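Descriptive structure summary
Residue-level listing of the chains:
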Amino acid sequence: MSAVLVSGLSYRYHPRGQAALDDVSFDVDGGSITCLLGPSGSGKSTILGCIAGILEPSAGQLLVDDVDLAAVPTHRRPVTLLMQNAQLFAHMTVAENVEFGLRVRRVSAAQRRQRSAELLDLVGLNGFAGRDPGRLSGGEQQRVALARALATDPAVLLADEPLTNLDPPVRRELQQQLVEINRSTGTTILFVTHDVEEAFAISDQLVVIAGGRVQSADAPSELIRRPGTRIVANMLGVGNLLVGRIDGDCLETSTGRFRIDPAHALLEVASQLVDQRHWVIHQDHVQLLDEGTTPTSNTVVGTAVNCRLVGTRVEVAVAVGSDTITVVVPSERCPALGSNVILHLPATHLFEVRP
């Protein structure tokens, strides 16, 4: 069941200005974490603003749990907005901050205290109830803000880059905690980020936004395999693009001739007469063959020209003619710069994308 349905959403900051959002449509499964991923200015935060009622859409429909939000005033919408900055009330204790929304709803003091204690324990701040927010670290303040956002049991938590201002170790810790909270509470989370690694770390679904439009939407693992467009491929770091002409079940390129799976072609440009067909393969799916291996189908021979450490592995750039193909290998398999290497590009991992 979709907890959030966005259909044909458009928004203009000025009536005659350029659209910040243009016919945006996607849905969010209940109990999931869906990330809106895109560069700054792509329209991600504008989408949250429209759902929260801070901004009024120019067109389109917004539903939360099958309820049309058009007639629902901002303060009655079943959503909570979590921002980049914790924005805690400095004159209140940690517990009073968490209880604020419950107090507005006139929940009894006993119930407020119980709920506050439960949530502070959930976010790892047991024993912080009486503390001054100004004396907390940035990560602790954001945990308090998260507890406050969850206090009223929102149908959807709208998170607008809430971890951006935190140091990397704290950020990774809170990413994991957010996933654990989502799994334990079942709260639906719509999370805005421009960080690809963060999106991969926490999301069940990615909605890639660029230029105020949805470029692609799917599970992260599926988008890595089949990004759909060059914009999405570039954004997700799918590093290898092959451009050429289809000849039967092969792709003829300046790099070489590659067998393809016709099922991975885009129906919209299925004609074999098109000279510029664009296909991608993720660097994790390119295979570095052992020295002395006899080249076969979908293999190319090139020269290792650069190596870059990526975590515990190495990304190797291989020059093949005038093109470059990257492959990720364990550090112990990193070839010497200037050496000849053989790469295999499996047809099962070659997918066509729109230019």
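All values reported here derive from a predicted model rather than from experimental measurement.

1. Observations regarding the overall build of the protein chain
- Along the backbone of the protein chain there are eight helices and 20 strands.
- Counting every position in the protein chain, which comprises 355 residues, the buried fraction comes to 47%.
- For the protein chain, long-range pairs separated by at least 24 residues make up 67% of all intrachain contacts whose partners lie at least 6 apart in sequence.
- For the protein chain, the exposed area adds up to about 17200 Å²; of that, 49% sits on carbon and sulfur atoms.

2. Things to note about the environment of N306
- If you trace the backbone, N306 turns up in strand β16 (residues 299–310).
- When the C-alpha atoms of N306 and T326 are compared, they prove to be 9.3 Å apart, with 20 residues separating the residues in sequence.
- Every residue in contact with N306, bar those within four places of it in the chain, is listed here: E315, V316, A317 and L337.

3. Quick look at the sheet that holds strand β6 (residues 79–82)
- Pairing in this open sheet of six strands is mixed, and the strands run β6-β7-β8-β3-β9-β10 from one edge to the other. The open sheet terminates on both sides in strands that have one partner only, identified here as β6 and β10 (213–218). Geometrically, the sheet is characterised by an average inter-axis angle of 20° between neighbouring strands, direction not taken into account.
- As defined by bridge partners, strand β9 (residues 205–210) adjoins β10 across five bridges and the pair is classed as antiparallel.

4. Details of the pattern of salt bridges
- Tallied over the entire structure, the rule returns 15 salt bridges.
- The partner of D153 in a salt bridge is R115, with the nearest N and O atoms 2.7 Å apart. Note that D153 is positioned in the loop between α4 (138–150) and β7 (156–160) and R115 in helix α3 (residues 109–122), a separation of 38 residues in sequence.
- D153 sits in the exposed class, given a relative accessible area of 57%.
- The shortest N-O distance in the salt bridge between R257 and D247 comes to 3.2 Å. With R257 in strand β13 (residues 257–259) and D247 in strand β11 (residues 240–247), this residue pair connects regions lying 10 residues apart in the sequence.
- Among the residues examined, R257 registers a relative accessible area of 41% and is labelled partly exposed.

5. Focus: the packing of α4 against helix α5 (residues 168–185)
- Taken N-terminus to C-terminus, the directions of α4 and α5 make an angle of 20°; their axes are 11 Å apart at the nearest point. The pairing of α4 with α5 is recorded here as roughly parallel in orientation. Helix-helix and strand crossings are classified by hand; for α4 and α5 the assignment is right-handed. Side by side, α4 and α5 meet where G139, Q142, R143, L146 and L150 of the first sit next to V170, E173, L174, Q177, L178 and I181 of the second.
- Within the contact of α4 with α5, the residues separate by chemical class into six nonpolar, three polar and two charged.

6. Some thoughts on the nonpolar core
- Of all hydrophobic cores here, the largest spans 46 residues; its most connected members are L146, F191 and L236.
- Take this core: its biggest share by element is six residues, from α4.
- Among residues more than four places away in sequence, those in contact with F191 are I33, T34, C35, L36, A159, P162, L163, L178, E198 and I202.
- One finds L21, V28, L36 and I209 within the second-largest nonpolar core, a separate group that totals 26 residues.

7. Concerning α4
- Compared with an ideal rise of 1.5 Å per residue, which puts 13 residues at 18 Å, α4 spans 19 Å between its outermost C-alpha atoms and is within 8% of the ideal.
- For α4, the buried fraction is high: 10 of the 13 residues fall into the buried class.

8. Observations regarding the environment of V243
- Checked against the element boundaries, V243 lands in strand β11.
- The partly exposed category is assigned to V243, whose relative accessible area is 29%.
- Separated by 91 residues in the primary sequence, V243 and T152 place their C-alpha atoms 52 Å from one another.
- Once you skip the residues sitting within four places of it in the chain, V243 turns out to touch E252, T253, S254, Q276, R277 and H278.

9. Here's the deal with the side chain of H278
- Topologically, H278 is positioned in strand β14 (residues 277–281).
- Side-chain polar atoms of H278 contact the backbone oxygen of Q276, separated by 3.5 Å.
- Apart from residues lying up to four places away in sequence, H278 is in contact with R230, L241, L242, V243, F351, E352, V353 and P355.

Here is what the cut-offs are and how they apply
Residues numbered from 1 in each chain as written. Predicted model: local features only at pLDDT ≥ 70, side-chain atom pairs only at ≥ 80, totals over all residues. Heavy atoms only, no water. Helix = DSSP H or I, 4+ residues; strand = E, 2+ residues; numbered from the N terminus. Buried < 20%, exposed > 50% of the residue type's maximum accessible area, 1.4 Å probe, protein only. Contact = heavy atoms within 4.5 Å. Areas by Shrake-Rupley, 256 points an atom, 1.4 Å probe, with all protein chains shown as cover. Pairing = 2+ DSSP bridges. Axes fitted to C-alpha atoms, helices over the stretch in contact; angles between N-to-C directions. Salt bridge = Lys/Arg side-chain N within 4 Å of Asp/Glu carboxyl O. Parallel < 35°, antiparallel > 145°, perpendicular 65-115°, else oblique. Left-handed = near helix turned anticlockwise from the far one by under 90°. Nonpolar A, V, L, I, M, F, W, Y, C, P; charged D, E, K, R; others polar. Core = buried A, V, L, I, M, F, W, Y, C linked by side-chain atoms within 4.5 Å. Expected span 1.5 Å × (residues − 1). Polar contact = N/O pair within 3.5 Å; in protein donor to acceptor, adjacent residues only side chain to side chain.

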